[in-house]
Amino acid sequence: MIRIILIGFMGAGKTTVGKALAQELGVYFYDLDWYITMRYHKSVPEIFAERGEQGFRDLERRMLHEVAEFENVVVSCGGGTPCFYDNMDYMNSLADTVYLKAEPEVLAMHLRMGKGKRPLIEGKSPEELEAYVRETVSQREAFYSKAKYSLDVSLLDNFTKIQESVTLIRQMLKI
Ligand code: S3P
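Residues numbered from 1 in each chain as written. Predicted model: local features only at pLDDT ≥ 70, side-chain atom pairs only at ≥ 80, totals over all residues. Heavy atoms only, no water.

## Things to note about helix α6 (residues 126-144)
Counted only if it meets this: Bending is quantified residue by residue as the angle between axes fitted to the seven-residue window ending at that residue and the seven-residue window starting at it. Strands here are runs of E lasting at least two residues and helices are runs of H or I lasting at least four, both read from the DSSP assignment and numbered beginning at the N terminus. Three exposure classes are used, based on accessible area relative to the maximum for each residue type with a 1.4 Å probe and protein chains only: buried under 20%, partly exposed in between, and exposed over 50%. The contact criterion used is simple: two residues touch if any of their non-hydrogen atoms lie within 4.5 Å.
Helix geometry: α6 is bent most strongly at serine 138, by close to 35°. Within the span of α6, buried status applies to Leu129, Tyr132, Val133, Thr136, Val137, Arg140 and Tyr144. Elements in contact with the buried residues of α6: β1 (3-7), α3 (44-67), β4 (96-101) and α5 (104-113).

Written out as C-alpha cells, the structure reads:
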C-alpha cells in the first residue's frame, strides 16, 4: 500500500511534484488545500477571511485526518500543515513523509511567479516576501525536518526538476 505525504514551504512544488508522482505510481492524488475547498465549498482565502488563521488550522487538521487515512495516495499538504497541533507526528505515524526543501530565494521566486492566492503573503513587496519566507522557513524547519525523507529541490536542474524529483523520491522510498 502506498501512502506518501509531501510537505514543505509554499512554492516548493508540492502540488506539481505530487501530481506527477501519483501519476507515475498509478495512485490517487490529493492536495489538502483543494480537498478543504471541495469539502467546504470555499477557497482558502475565504476561509482565512471568515474564520481567521486559527479557524483554518482547525479545519486543516480535521481534513488532514480524512485524507491521511486514504490508501494508495500521494497527498500534498499546505505549507503550514506540519507546524500545527501534532500533525507532523500524526503524518509520520501513517505515511512516508517527504520534505521538499528549497532555499528561501527559490521559494520567494516561485511565489512571485505563482498566481495562486495565498492569504499569508498577499500584498507583500518582493523584499517583504523574501524576508517573510526566510524568517518563516527558519521557524518551521524544526517541524519540516521531522519528515522521514528529505529532498533538496533547489539543487535540481530547473527544466527537469519535476521528473528528477519524482525519480529521486522513488529511489529514496524504493518504490
Ligand atoms: C499556508 C500554505 C498554503 C495554504 C495556506 C497557508 C502556509 O498552502 O495552506 O495559504 O501556512 O504556509 P501551499 O503551501 O500549498 O501554498
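Read on for the rest.
## Some points on empty space enclosed by the protein
Rules: Cavities and pockets were defined on a 1 Å grid built over protein atoms only: a cavity is a set of grid points that admits a 1.4 Å probe from which the probe cannot escape, a pocket is an open set flanked by protein on both sides within 12 Å along at least five of seven lines, and lining residues are those with an atom within 4 Å of any such point. Grid points are joined across faces, edges and corners, and a volume is the space filled by probe spheres set on the points. Under the scheme applied here, ten amino acids are nonpolar (Ala, Val, Leu, Ile, Met, Phe, Trp, Tyr, Cys and Pro), four are charged (Asp, Glu, Lys and Arg), and all others, including Gly, are polar.
One pass over the full model with this rule turns up one cavity of 30 Å³ or more. Quantified by volume, the largest cavity comes out at close to 30 Å³. Lining the largest cavity, in full, are Phe9, Tyr99, Leu100, Lys101, Ala102, Leu107, Val137 and Tyr144. Residue assignment for the lining of the largest cavity shows that the elements contributing at least two residues are β4 and α6. When residues of the lining of the largest cavity are assigned to their parent elements, the largest contribution, three residues, is made by β4. Residue composition of the lining of the largest cavity, by class: seven nonpolar, no polar and one charged.

## Things to note about the site of the ligand
The cut-off we apply is this: Near residues are defined by distance, with any heavy atom within 4 Å of the molecule or strand qualifying the residue. The term polar contact refers here to a pair of N or O atoms within 3.5 Å; inside protein, the definition further demands a hydrogen-donor-capable atom paired with an acceptor-capable atom, and it admits residues adjacent in sequence only when both atoms are side-chain atoms. To be clear on the numbers: accessible area is Shrake-Rupley with a 1.4 Å probe, and residue cover counts the displayed protein chains and nothing else. The way we define it, a molecule is inside a pocket or cavity when more than half of its atoms are within 2 Å of that pocket's grid points.
Among the 13 residues in the neighbourhood of the ligand, the closest are listed as Lys14, Asp33, Arg57, Arg118 and Arg140. Aspartate 33 is positioned with one of its side-chain polar atoms (N or O) 2.8 Å from an oxygen atom of the ligand. Expressed as a share of its isolated accessible area of 390 Å², the protein-covered part of the ligand is 95%. Using a 2 Å cut-off from the grid points, one finds that the ligand occupies the largest pocket. Across the shell around the ligand, the residue classes break down as five nonpolar, three polar and five charged.

## Examining the packing of aromatic side chains
How we decide: Only Phe, Tyr and Trp rings take part, Trp by its six-membered ring, and two of them pair if their centres are within 6.5 Å. Stacked means planes under 30 degrees apart, edge-to-face means over 60, and tilted covers everything else. Note on geometry: a ring has a charge over it if NZ (lysine) or CZ (arginine) is within 6 Å of the ring centre and within 35 degrees of the ring normal.
Summed over the entire model, instances satisfying the criterion amount to six aromatic pairs. Judged by centre distance (6.1 Å) and plane angle (85°), the rings of phenylalanine 29 and tryptophan 34 are edge-to-face. Between tyrosine 30 and tyrosine 35, the ring centres sit 5.9 Å apart and the planes meet at 80°, which makes this aromatic pair edge-to-face. Overall, the relative accessible area of 26% leaves tyrosine 30 in the partly exposed class. What makes tyrosine 35 buried here is its relative accessible area of 8%. Arginine 61 extends its terminal NZ or CZ atom over the ring of tyrosine 85, reaching a point 5.5 Å from the ring centre. Above the plane of the ring of tyrosine 132 lies lysine 124, whose end atom (NZ or CZ) is 5.0 Å from the centre.

The quantities given are spatial measurements derived from coordinates; they are silent on function.
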